[in-house]
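# Inside the fold
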Amino acid sequence: MEQLIVDLTLILDSTTRLAVPLILACLAGLYSERAGIVDIGLEGKLLAGAFAAAATAAVTGSAWLGLLAGIGAALVFSGIHGLASINFKGNQAISGVALNFLAAGLTTFLGQSWFKRGGYTPQLSGDRRFNPITLPFANELREVPIIGQIYYELISGHNIITYFAFIAVPVTAWVLFRTRFGLRLRAVGENPKAIDTAGISVTRLRYQALIITAVLVGIGGAYLSIAQSAGFNNNMSAGRGYIALAALIFAKWRPGPALLVCLMFGFLDAVQFRIQGQEFPIIGEVPVQAIQALPYILTVILLAGFVGRAVAPKASGIPYTKER
Amino acid sequence: MTSPNPSDHQRPERAADSSLAIELIGINKHFGPVHANRDINLAIKRGTVHGIVGENGAGKSTLMSILYGFYTADSGEIRVNGVPHAITDSRHALALGIGMVHQHFMLVDNFTVLENIVLGAEDSALLRPTLNKAREHLKQLARDYGLEINPDAIVENLSVGQQQRVEILKALYRGAETLILDEPTGVLTPAEADHLFRILRKLREEGKTIILITHKLREIMAITDEVSVMRQGTMVQTLNTSDTSPEQLAELMVGRRVLLRVEKGPANPGKVLLDVKDLIVSDDFKVPRVKNVSFQVRAGEIVGIAGVAGNGQSELLESIAGMRDQLGGTISVNGNVLSLDGDDGAKRARDAGLAHVPEDRLRMGLITNFAAWENAILGYQDKYGSGLGLDIAKARETATEYMKKFDVRPASLDLKTANFSGGNQQKIVLAREMERDPDVLIVGQPTRGVDIGAIEFIHNQIIKMRDAGKAILLVSVELDEIRSLSDRILVMFDGHIVGEADPATADETELGLLMTGSHPDRVVTEPGTLPEHETPIQQTLVQMSPKNNAGRETN
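Residues numbered from 1 in each chain as written. Chains lettered and ligands numbered in written order. Predicted model: local features only at pLDDT ≥ 70, side-chain atom pairs only at ≥ 80, totals over all residues. Heavy atoms only, no water.

Turning our eyes to something else, we now look at the packing of helix 4 (residues 127-145) of chain B against helix 5 (residues 160-173) of chain B. Residue and element names in this part refer to chain B. Running from N to C, helix 4 and helix 5 cross one another at 110°; their axes reach a closest spacing of 11 Å. Classified by the angle their axes make, helix 4 and helix 5 are roughly perpendicular. Here T130, K133, A134, H137, L138, L141 and Y145 of helix 4 come into contact with helix 5, specifically with L169, L172 and Y173. The residue makeup of the contact of helix 4 with helix 5, split by class, is seven nonpolar, two polar and one charged. (Axes fitted to C-alpha atoms, helices over the stretch in contact; angles between N-to-C directions. Helix = DSSP H or I, 4+ residues; strand = E, 2+ residues; numbered from the N terminus. Parallel < 35°, antiparallel > 145°, perpendicular 65-115°, else oblique. Contact = heavy atoms within 4.5 Å. Nonpolar A, V, L, I, M, F, W, Y, C, P; charged D, E, K, R; others polar.)

Residue and element names in this part refer to chain B. The strand order 6-7-8-3-9-10 describes an open sheet built from six strands, whose pairing is mixed. The outermost strands of the open sheet, each flanked by one partner alone, are strand 6 (98-101) and strand 10 (234-240). Direction aside, the axes of adjacent strands within the sheet are offset by 20° on average. One ladder, built from four bridges, connects strand 3 (residues 49-53) with strand 9 (residues 226-231); its direction is parallel. Across the sheet, the residue bridging to G51 is V227, located in strand 9. Together, strand 3, strand 6, strand 7 (178-182), strand 8 (209-214), strand 9 and strand 10 form the strand contacts of helix 1 (residues 60-67), whose direction differs from that of strand 8 by roughly 150°. Its contacts with the sheet place helix 8 (residues 246-254) against strand 3, strand 9 and strand 10, and it is angled at close to 30° to strand 9. (Pairing = 2+ DSSP bridges.)

The next thing to look at is empty space enclosed by the protein. A probe matching the size of a water molecule, rolled over the atoms, marks out where space remains unfilled. By the definition in use, this model includes four cavities of 30 Å³ or more. One number sums up the size of the largest cavity: a volume of about 100 Å³. Contributing to the lining of the largest cavity are 13 residues, with T197 of chain A together with Y68, M100, E167 and K170 of chain B lying nearest its centre. For the lining of the largest cavity, the elements supplying multiple residues, two or more each, are helix 9 (192-197) of chain A together with strand 6 and helix 5 of chain B. In terms of residues, the lining of the largest cavity owes the most to one element, helix 5 of chain B, which gives three residues. (1 Å grid on protein atoms, 1.4 Å probe; cavity = no way out; pocket = protein on both sides within 12 Å on 5 of 7 lines; lining within 4 Å. Points joined across faces, edges and corners; volume = space filled by probe spheres on them.)

Attention now goes to the interface of chain A and chain B. Taken together, the contacts link 24 residues of chain A with 31 residues of chain B. Interface of chain A and chain B: buried area, both sides summed, is about 2300 Å²; carbon and sulfur atoms make up 56% of it. Where chain A meets chain B, there are three salt bridges. Across the salt bridge formed by E115 of chain B and R186 of chain A, the nearest N and O atoms sit 3.4 Å from each other. At the boundary of chain A and chain B, one finds nine residue pairs in polar contact (both at pLDDT 80 or more). Broken down by secondary-structure element, the contributors of at least two residues to the side of chain A that touches chain B are helix 7 (160-178), helix 8 (180-190) and helix 9 of chain A. Of the residues contributing to the side of chain A that touches chain B, the split by class is nine nonpolar, four polar and eleven charged. (Buried area = accessible area lost by both parts, 1.4 Å probe. Salt bridge = Lys/Arg side-chain N within 4 Å of Asp/Glu carboxyl O. Polar contact = N/O pair within 3.5 Å; in protein donor to acceptor, adjacent residues only side chain to side chain.)

Have a look at this one:
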């Protein structure tokens with residue numbers, strides 16, 4: 001019994017860690033899609049953010065400067081996406097895919113030419129990373145059975161970005177449904193003409209959404225390289241941007257469900273790590289690849305059958321043209 | 001510009017001597033090569049209902065969009081209450097007390113009524129105070145103008161008439177003194193339109209100024225004090241409504257004399273050409289839309305189907321045309337039962353002697369990216385050439401003939417259909433279907449989005465077909481059109497034929513009651529559809545049931 005709780009706590013702990021980049025990317029996508037801009041480029045922004053953060057942290061020695069650089073890289077990418085899809089009314093999917101290619105190529109190229117480690121940035125330690133924070137009384141309560149253990153293992157001992165991600169969820173819900181900005185953001189994703197005739201700039205609102213998107217996904221990228229890991233390696237986002245988009249659809253563009261779905265994907269990932277190499281009755285050892293594929297297979301199944309009718313914001317993906 | 005706030009924002013000083021709410025002086029607007037507004041002058045008196053009429057593309061909507069700040073004029077001056085203003089955007093117009101109810105509502109469908117009303121006019125970064133204030137304000141507006149609405153209803157669940165009410169409330173909440181309504185009755189049932197007019201009269205009594213854009217001359221005569229006529233981007237004339245007549249207005253709009261009344265002799269019905277028996281059809285979501293419908297159309301008669309849009313007329317038409325599978329019943333053309341199930345149903349129907357002018361020419365009648373000559377043979381292309389080849393020369397010859405006979409302008413074979421006006425597009429479809437000499441012609445919304453001049457032509461063509469001994473089934477949401485063309489009227493409600501009327505004697509109120517399923521003598525009593533209602537309160541409940549979406553308001 002005791003052991004089970006320990007095991008479960010450990011799995012949930014790593015679930016939390018693995019879910020953080022998904023949550024941030026998913027919320028990022030939520031802001032832009034609610035404003036009517038499809039952002040396939042989340043994956044690329046995540047990767048670019050991760051690289052910029054690790055490279056900057058390695059050179060300057062500061063994780064915080066790394067974080068800012070990660071946000072900055074995502075902002076540049078968002079700017080390009082905005083220019084293509086808002087000002088020039090281009091196809092948003094194509095712009096996003098182009099940005100993903102750009103990020104994949106650019107990070108490898110710059111990493112190799114700057115650090116000459118086959119695309120890897122130098123190993124980061126100390127102030128170059130975001131280290132776990134021990135919450136008050138965590139050590140004191142450690143010996144208290146169950147509650148103390150949960151507090152010590154699960155609640156305490158994460159880095160600051162993790163806490164930020166979990167706080168960002170209720171904040172997003174509040175912004176979206178309780179503020180003027182949120183009302184307008186939701187309106188511009190449903191019927192931009194209603195916004196325009198109310199005398200509010202559609203372009204400006206959509207850029208505001210893209211900026212929030214960039215900040216969140218940039219932080220998510222920084223988390224990958226300078227919080228969860230100790231450095232950047234090639235293609236380290238590994239499709240998380242796409243999974244975040246899937247999670248967004250599954251959550252029907254709502255922040256609360258988005259958190260749950262991201263945690264579920266994180267949980268699958270955590271389980272996947274733990275059951276690698278273990279013997280199962282009858283089946284025997286399952287190949288690593290099959291287990292690693294689990295979260296992705298689940299994504300397909302969920303998207304294909306279990307989501308039900310997910311109705312996207314109506315104006316999503318459609319450039320706004322005022323003239324008749 | 002601060003956000004317009006109904007309670008505390010500053011109204012521009014009123015020039016006390018001026019009785020004019022709005023003056024437009026020398027307005028010009030180009031869209032590329034199109035001169036949409038040419039030197040327009042217009043003066044609108046405060047506290048009046050001012051009508052603006054004109055054909056499609058006459059520049060009415062453009063002019064009003066300029067006044068509302070949605071477009072900016074190339075040149076010209078706008079005076080509000082005697083003071084010149086350069087209205088740069090909609091927010092500016094709202095602050096000057098100008099509100100607009102657009103033809104296509106500018107509402108966010110999945111928002112509540114309250115959210116839609118405060119959108120863009122919020123007082124602070126947090127929503128709650130604004131929402132609470134708006135709720136109180138709405139109650140007051142409801143009391144003052146009879147504009148009752150549930151503030152927490154989701155807009156997409158409201159009937160069209162109610163959505164329009166939300167648009168009006170939106171403008172009033174922002175403190176509008178002048179209200180522009182763009183084709184407000186195009187989507188309403190007769191009863192809903194009456195209700196709207198009552199509201200407009202009430203608004204006028206309270207001193208509001210109303211600008212009504214419409215192409216329905218009957219409405220102009222019924223409610224306006226003054227009327228301005230526009231034609232091809234110019235302002236032709238402004239008249240006192242009491243000094244003019246529909247005939248005069250139509251002539252001013254078109255630039256030549258127009259016959260508003262369809263001239264036709266008595267019908268001469270022959271043998272039954274179209275026989276529909278117990279037809280059951282469902283829509284794309286498997287919801288039954290046509291429920292046991294039976295009727296006949298004889299040679300030499302026009303049978304019109306009246307009804308509020310969405311009561312099964314579309315499915316009925318599509319099913320007869322072979323585009324929609326039947327769940328039950330039979331359709332016979334000229335005595336032969338058509339088996340229309342399957343993908344080539346439309347072709348078999350056509351081969352049996354049935355021609356179909358679809359309701360939505362852009363979606364079903366034409367491929368707008370194709371040239372005129374290609375569209376003129378669409379559906380009959382097998383008759384041009386053999387095997388894989390297409391006899392282009394012959395097809396172009398046919399198209400040339402059609403365009404001449406139906407006066408399609410411009411008579412350019414290679415012009416993309418998308419670039420023709422609505423009336424000319426419709427003429428291409430009509431020519432294609434009528435010139436095949438079918439036994440049965442079914443026509444949906446023959447004059448939707450078509451100019452007054454072309455309407456006259458199209459109506460005459462339909463009468464000509466009738467007089468040539470064809471059986472014609474006509475579906476239209478324009479009750480006037482049904483009444484003037486048909487020899488018999490069938491009223492459809494909730495998938496049933498609920499009544500038959502003689503166009504010569506039927507009165508509008510009675511038809512309206514039938515169309516909304518609330519005629520006391522013709523209550524649908526089939527189990528499982530609508531309950532019988534005897535008392536007024538039960539009647540209201542029936543009208544509010546979700547089944548009866550379109551016809552919810554008949555007060």
